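# Residue-level structure breakdown
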Amino acid sequence: MSITTRFAPSPTGYLHVGGARTALFSWLYARKHGGKFILRIEDTDLERSTQESVNAILEGMAWLGLDYDEGPYYQTHHFDRYKEIIQQLIAQGDAYYCYCSKDALEQLRTEQMTNKEKPRYNGKCRELTGLEEGIEAVVRFKNPIDGVVTIEDLVKGDIVVANKELDDLIIARADGSPTYNLTVVVDDMDMKVTHVIRGDDHINNTPRQMNILKALGAELPKYAHLPMILGSDGARLSKRHGAVSVMQFRDDGYLPEALLNYLVRLGWSHGDQEIFSLDEMVEYFELDDVNVSASTFNMEKLLWLNHQYIMNSDPVHVARHLSWHMGQLGIDPADGPDLVDVVKAQRERSKTLVEMAAASVYFYKEFDSYDEKAAKKNFTVGSDDVLEQLHAKLAEVKSWSAEPLHQVIVDLAEALGLNMGKVAQPLRVAVCGSAVSPAIDITLTLIGREKTLARLERAINYIRDQK
Ligand code: GLU
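These remarks concern the structure in this document. (Residues numbered from 1 in each chain as written. Predicted model: local features only at pLDDT ≥ 70, side-chain atom pairs only at ≥ 80, totals over all residues. Heavy atoms only, no water.)

## Some points on the overall build of the chain
Applied cut-off: Secondary structure elements are taken from DSSP: a helix is a run of H or I of four residues or more, a strand is a run of E of two residues or more, and numbering for both begins at the N terminus. The globule rule used for comparison is 2.2 Å times the number of residues to the exponent 0.38, while the radius of gyration itself is calculated over C-alpha atoms. Should any heavy atoms of two residues lie within 4.5 Å, those residues are considered in contact. Positive: Lys, Arg. Negative: Asp, Glu. His and the chain ends are not part of the count. Positions of charges follow a simple convention, taking NZ of Lys, CZ of Arg, CG of Asp or CD of Glu.
Of regular secondary structure, the chain possesses 19 helices and twelve strands. For 467 residues, the compact-globule estimate of 2.2 N^0.38 gives 23 Å, and the chain exceeds it by more than 25% at 31 Å. With respect to the three principal axes, the spread of C-alpha positions in the chain is 105 × 45 × 40 Å. Across the chain, the fraction of contacts at a sequence separation of at least 24, relative to all contacts at a separation of at least 6, is 76%. With 51 positive and 69 negative side-chain charges, the chain shows a separation of 3 Å between the mean positions of the two kinds.

Right under this line is the structure:
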């Protein structure tokens, strides 16, 4: 059987990490089985759907690298088809017009609550025949009364729901617009979706959707409901736990593959393995191994993973992402060293690309002022002379590379009877503005000859001005 999965977000906000995990699992399942992955934008709620949110979904999918074989489809383009199916269901006796007024339904609900019954539609219009002109009507699906629906959930196992628990769901509103359960069913059927992989917040919809599919004579897809993602306090993950939008993770300096790796482990495991390449994810992914219970989002672990990816990924790849962050800081990477060399120098010490970018600005741009503490500690009496001698020696270096630069510092320290730090630290503050940077020889290589010499002069003048 060829496999088709889909990701079907409603464009009513940013792409949430929970949604991204659903997308990832659907994508992995399709890729693993050589199947098809569809992106379907469920934008029928015209009031809540926005173009901005559609863009955020597309941007998030692209950033994560979750490519789709079909789509994006837009449900708003399928209204005629939904109407056709609604009419078909009415014609075959599986749906009916309901004329009950809002007030009448409200009264029914109050009575049921008072009698401690589950609020549900009582089926009053179920057996009406013919159309009543001039009265507003919704269309309800005629849910079977007897029997059970069994969801053979690929994650949670069998879930049995009695039909008498399901009331006759509205499939078209009074204005004729279709409701969520109807549109999902029609598209899943038309798109020949074989596996519906989605969050378990939809589990209550599943038996209703299965009944509609049965009424349409459609083949039922298999279902896999993914457990929730919780914040550290045990509540459903939301904005108040910090970043939850996929693009926020980009902005915060995460690599997409680190986020994917984190998301795949959120509710799925393969032995003790923590780090998975995309190919490994595709190879090992099984719905059988998805946890039944909810998982907790752990920022610390994501940060750890991000650092692993920054350290171990191809620096050319990391540099491509770093370039975006440098741009955010107003830096043009053409104004300084090759970003790949910057990545190599900074990757051990940077857990995020935001950190890496912020710590790399001085390679490209003059800093405004010295870090106060660093200057106080390292620009002391006599350090101007040390820097002056360094300036003279460095100006003579023929090939501006780590080894000869290192030698100059070592030789000068020896000649002056100082330890390395007493030479390297004032030098570092002079060229970086702070006391933290990669190894000093690498730092000088990255800053380059002209900038290094100019900054040494600036520092010498600064120290002399302080005297
Ligand atoms: N559009 C629904 C949502 O964003 C998902 C529907 C589905 O996966 O069946 O929650």
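Picking up after the structure, the text goes on.
## Things to note about the packing of aromatic side chains
Here is the rule we go by: Any pair of Phe, Tyr and Trp rings, taking the six-membered ring for Trp, is counted once the centres come within 6.5 Å. Such a pair is stacked with planes under 30 degrees apart, edge-to-face with planes over 60 apart, and tilted for the rest. Each residue's exposure class comes from its accessible area (1.4 Å probe, protein chains only) as a fraction of the maximum for that residue type: buried when under 20%, exposed when over 50%, partly exposed otherwise. Both a distance and an angle decide whether a charge sits over a ring: NZ of Lys or CZ of Arg must be within 6 Å of the ring centre and within 35 degrees of the ring normal.
One pass over the full model with this rule turns up 13 aromatic pairs. Plain terms: the ring middles of Phe79 and Tyr82 are 6.2 Å apart, the flat faces sit at 80 degrees to each other, and that makes the pair edge-to-face. Of the two residues, Phe79 and Tyr82 are both situated in helix α3 (residues 79-91); the distance of three residues between them amounts to about one turn of the helix. Taking the relative accessible area as the measure of exposure, Phe79 reaches 23% and is therefore partly exposed. Using a relative accessible area of 0% as the deciding quantity, one classes Tyr82 as buried. Pairwise contacts between aromatic rings join Phe25, Trp268, Phe276, Tyr284 and Phe285 into one cluster. Positioned above the aromatic ring of Phe25 is the side chain of Arg21, whose terminal nitrogen or guanidinium carbon lies 5.6 Å from the ring centre. Of note, Arg458 hangs over the ring of Tyr370, and the distance from its end group to the ring centre comes to 5.3 Å.

## Details of the sheet that holds strand β4 (residues 95-98)
For clarity, the threshold we go by: Strand pairing is defined by DSSP finding a minimum of two bridges between the two strands. Angles here are taken between N-to-C directions and fall from 0 to 180 degrees, while the axes themselves are lines fitted to C-alpha atoms, restricted in helices to the stretch in contact.
Strand order in the open sheet made by the three strands is β4-β5-β8, with antiparallel pairing throughout. At either end of the open sheet lies a strand with only one pairing partner, and these are β4 and β8 (170-172). On average, each strand axis in the sheet is tilted by 45 degrees relative to the strand beside it, whichever way the strands run. Here β4 pairs with strand β5 (residues 138-141) via four bridges, running antiparallel. Among the inter-strand pairings, Ala95 is bridged to a residue of β5, identified as Phe141. Across the sheet, α3 lies against β4, β5 and β8, angled at about 95 degrees from β4, the strand it touches most.

## Thoughts on the nonpolar core
The criterion, for reference: To qualify as a nonpolar core, a set must consist of buried Ala, Val, Leu, Ile, Met, Phe, Trp, Tyr and Cys residues joined through side-chain atoms within 4.5 Å.
Phe297, Leu387 and Leu394 are the most contacted members of the largest nonpolar core, which totals 103 residues. The element that contributes the greatest number of residues to this core is helix α1 (residues 17-32), accounting for nine residues. Beyond its immediate chain neighbours, meaning those up to four positions away, Leu394 contacts Trp400, Leu405, Val408, Leu444, Thr452, Leu453 and Leu456. Ile38, Leu89, Ile151 and Met210 belong to the second-largest nonpolar core, a separate cluster that totals 28 residues.

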